[in-house]
Each structure stands twice: as C-alpha cells, then as structure tokens.
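Here is what each chain is made of, one letter per residue.
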Amino acid sequence: MPCFDPFKPTLPQDYERLAENFGIERITEDMRKKLPDSYLFRRNIVFAHRDLGRILSVREQGKPFAVMTGIKPSNEFHVGSKLVADQMKVFQDMGADVFFAVADIETYHVKRQSLERSREVALDNITDLLALGIKEDAYFYFQSSQPKVKLLGHLYARDVTNNMLRAVYGEQQIGYYVSALVQVGDILLPEEPEFGGPKPVVVPVGLDQDPHIRLTRDIAGKHGLVVPSSTYNRFMRSLTGSDKMSKSEPAGMISLSESPESAGKKVMRAFTGGKPTVAEQKKEGADPQICPVYDLLLYLEQDDNVVKRRFEECVSGKIMCGECKKDVAERVKKFLEAHQEKRDKKRDVAKQIVEKVSKDCP
Ligand code: TRP
Ligand code: SF4
C-alpha cells in the first residue's frame, strides 16, 4: 500500500534521500504559512530549498529581491517546464523582480544547437511564459547577447577550479564548463548595481540544477554578494514511466503547444501504476505514486478535492485505470485549450520581446 499522500508533508522516499544527499532543506510548515497559497506548496511539488528564509524575511521587511531562472531553448515547453514558470510566478506575485535567461550559449554547447535556432524556440518558450502569467516587463535576455552576463562568467572564473567544474558536469568538453560559468553570471546578474544589487535572489529549479547552485553560492560568498537562495520542484514523470518528462522523449511528453487531441491520445497510452488484472486492482488498489497519469492531475488540476479523491479511489481500487485515464485526458485537453488561447493573445508581445533583447548586443 503506498504511503505517500501529496497533501501530507512526506515525500516519496527517493526524494527524501535525494534531498538528504544534496544537503538541501525541506520547506517547513512555518515557511509555508509565510508563502502565498499555491498548489506547488500545498501539494509538496516544491519540496525543498536553500536559504528561502532570507527571501521571506526581506519580503517581510519590504526590501527588494529578485527571482531568476534560465531555460534551455532546445524544444517546446512541456508540463514539467510549467512547474518552473509557476514557481517564478509565485515569487513575482510576492513582489520580486523577475529575470529570465534564455540559455542559448548552454544550448549551443550542450545540445549542439545554433544560436539562430535557439532564437526561434525561445519565441515559443517566452509565449508560454507570458501565457502562464509572467509579466511582460520581466527582464528576459539571451545569454549570447547580454554583455554583462558573459563578463561576469569570465570574471568569476578566477575563483573556479577544474575540480569545481567537474563536480557540476563531470569530465566534459570546455564548452560545458563555459556554460556553467555563464550560468553563474546569470544567477548573480540581478546582484549587479545596475539592477539595484547586491540583493537576495531566489532561483527556482529542478533538483538536477543544484550543483550549479552550489557553485554559484560558493562564488557569491567570495565576492561579498548575497548568497543566492533556491527552491526545488519535483520532476514531472514521463508518460512512458521513466523518471523525468523530457524533450528528448516525445511519446512521454505533453508539450504546451501540441494539439489537445494528440495529448489526449498520449494519456490514453500512458504507463500507469495499475495492477496487471482488474481483479487484482479491485482487491489491492493501484499505486498513484509511480503513475504519470496521476502526476498530470497533481500538476494541472486546480481543485485539491479532485486530486485527493482520485488518490483515494486509486489506492482503494475503486477506480480502474481506463476510466481514470479518460477523465485525466479530458482535463488535460481542457487545460491545453485554455492555455493555447492565452498563447495566441501573447504571441505578438513575445515577438517584440525577442526582437528587443536580440538587439541588446550586435
Ligand atoms: N542549466 C539550466 C538547464 O539546463 C538552464 C539555466 C541557465 C539556468 N541559466 C540558469 C537555470 C540560471 C537557473 C538559473 O535547464
Ligand atoms: Fe494511475 Fe489512475 Fe491507474 Fe491510479 S487509477 S494507477 S492514478 S491511471
């Protein structure tokens, strides 16, 4: 019988272990009270942090702080990318200045993708961000055309050894290390005087980015900057059952711009936490904890009661996977229809933003 209930402050064991190994901290009940009421915290989707307390206290004092993150423009946004955007919005609503790095230098090195292609994909990604409620006046930039960010990458390199970079990426081409340094520049950019720094910055990311966070915190400390904070979201599982929804596995991913029909079909074909036979499932119940269909509900459904009820129906064997999938497919379709309507309205603004930030530097 699964022991994980998303509304209780426990986590799947693998996350508990990960958090422990990385030395990051769980979000406490006390912190949760000071945070806006968001499904991300209520459902333990954002489950851990470093120094989030600093952000909460400057906010209480009415002092400025920033939220910053970066995206690799290698493909369309998917349900997992939405988690990071929703986190950004939480801090935006708390009064943070919002910074978005389009990591085209990283994508060039790590994905071997041209800067031109990144520009095209970034337009699509920024359209999604605006449709998800990020304000137009957020500071969007391309790594390749933001001069200061590249300068910072160079300057902070003074304090970075080979070993530190290997700890982030393993043994790799120099391009990876260049990207790691530019990412340090990204995270510390809001601390520059022209942006009103030094000031606290919070970086919402997936747990895979923690090595970058550690590297940057180390460097910030050496330069008398405010050591950046971070928050960590769980990963959206791939619909095929593998660990993480990712752009490299299309059948397992629901893109925010794909047709609702195609997304519905993917849900119907998805891996589940169900039992091999109906009889077994009726008797023993199924396991939402390993089920990507349940994840979709957890991440996209607004109403907590719907999620709670499904959890109970699933573990008690009251619902079978076929019926459950049909219901979730309908909800996913509705979400996509509404989201895509918002996307249409934001396309022109997104285009203007991309044109403007491309010109920041020749
Ligand atoms: N490395 C991140 C990724 O692979 C993208 C990124 C670039 C980023 N710069 C950043 C994330 C700054 C957080 C902060 O997705
Ligand atoms: Fe997943 Fe639904 Fe089946 Fe439970 S009933 S395992 S949530 S598909």
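None of the values given here were measured: they were computed from a predicted structure.

Participant: Explain the sheet that holds strand β5 (residues 139-142) to me, using residue names and the numbers behind them.
Facilitator: Taking strand neighbours across the sheet as the criterion, the 7 strands line up as β1-β2-β7-β6-β3-β4-β5 in an open arrangement whose pairing is mixed. Edge strands, defined here as strands with exactly one partner in the open sheet, are β1 (25-26) and β5. Bridge count between strand β6 (residues 201-206) and strand β7 (residues 229-233): 5 bridges; the pairing is parallel. By the bridge assignment, V202 is partnered in β7 with S229. Each of β3 (66-71), β4 (97-102) and β5 is contacted by helix α7 (residues 115-131), which is oriented at about 165° to β5, the strand it contacts most.

Participant: Can you break down the environment of R26 residue by residue, with the values?
Facilitator: Here R26 is to be found in strand β1. Here R26 falls in the partly exposed class, since its relative accessible area comes to 22%. Sequence-wise, R26 and E16 are 10 residues apart; in three dimensions their C-alpha atoms are separated by 8.9 Å. Within the local environment of R26, its side chain forms a polar contact with the backbone oxygen of F47, the two atoms lying 3.3 Å apart.

Participant: Help me get a handle on the pairing of β3, residues and values and all.
Facilitator: With 5 of 6 residues buried, β3 is to be regarded as a mostly interior element. Judged from the 6 bridges that link them, β3 and β4 form a sheet pairing that is parallel. Following the sheet pairing, I71 is matched in β4 by V102. One crossover worth recording links β3 to the parallel β4 by way of helix α5 (residues 79-93), and it is right-handed.

Participant: Tell me about the site of ligand 2, and name the residues and values.
Facilitator: Every residue near ligand 2 is listed here: T272, G273, G274, A286, C291, V293, Y294, C314, I319, C321 and C324. When residues of the shell around ligand 2 are traced back to their parent elements, those giving at least two are α14 (292-300) and α16 (321-358). Class assignment of the residues belonging to the shell around ligand 2 gives a composition of 8 nonpolar, 3 polar and no charged.

Participant: Give me helix α9 (residues 162-169): which residues, what numbers.
Facilitator: Of all the residues in α9, the buried ones are L165, V168 and Y169. One face of α9 carries all of its buried residues, which in axial projection span an arc of 75°. Residues N163 and A167 are exposed on α9 and point more than 90 degrees away from its buried face. On its buried face, α9 is in contact with α6 (104-110), α10 (174-188) and α11 (210-222). Note on α9: the residue one or two positions beyond its end, G170, has a positive phi of about 75°.

Participant: Can you explain the pattern of salt bridges? Please cite residues and give values.
Facilitator: Tallying each qualifying case throughout the model produces 30 salt bridges. R117 serves as the salt-bridge partner of E120, at 3.0 Å between the closest nitrogen and oxygen. Of this pair, E120 and R117 are both found in helix α7, 3 residues apart, which corresponds to roughly one turn of the helix. Put simply, D295 and R237 hold a salt bridge, and the shortest N to O gap is 3.3 Å. With D295 in helix α14 and R237 in the loop between β7 and α12 (260-268), this pair connects stretches of sequence that are 58 residues apart. When salt bridges with common partners are traced through the structure, they connect E301, R310, E313, D327 and R331 into a single cluster.

Participant: Please give an account of the packing of α12 against α16 that cites residues and values.
Facilitator: At a minimum axis separation of 8 Å, α12 and α16 run at an interaxial angle of 155°. With respect to α16, the element α12 is oriented roughly antiparallel. The interaxial crossing formed by α12 with α16 has right-handed handedness. Contact with α12, carried on its side by P260, E261, A263, G264, V267 and M268, involves G322, K325, K326, V328, A329, V332, K333, L336, E337 and Q340 of α16 and no other residues of that element. Looking at the contact of α12 with α16 residue by residue, the classes come out as 8 nonpolar, 3 polar and 5 charged.

What counts and what doesn't
Residues numbered from 1 in each chain as written. Chains lettered and ligands numbered in written order. Predicted model: local features only at pLDDT ≥ 70, side-chain atom pairs only at ≥ 80, totals over all residues. Heavy atoms only, no water. Pairing = 2+ DSSP bridges. Helix = DSSP H or I, 4+ residues; strand = E, 2+ residues; numbered from the N terminus. Contact = heavy atoms within 4.5 Å. Axes fitted to C-alpha atoms, helices over the stretch in contact; angles between N-to-C directions. Buried < 20%, exposed > 50% of the residue type's maximum accessible area, 1.4 Å probe, protein only. Polar contact = N/O pair within 3.5 Å; in protein donor to acceptor, adjacent residues only side chain to side chain. Right-handed = clockwise from strand over helix to strand, strands pointing away. Near = heavy atom within 4 Å. Nonpolar A, V, L, I, M, F, W, Y, C, P; charged D, E, K, R; others polar. Arc of directions from axis to C-beta. Salt bridge = Lys/Arg side-chain N within 4 Å of Asp/Glu carboxyl O. Parallel < 35°, antiparallel > 145°, perpendicular 65-115°, else oblique. Left-handed = near helix turned anticlockwise from the far one by under 90°.

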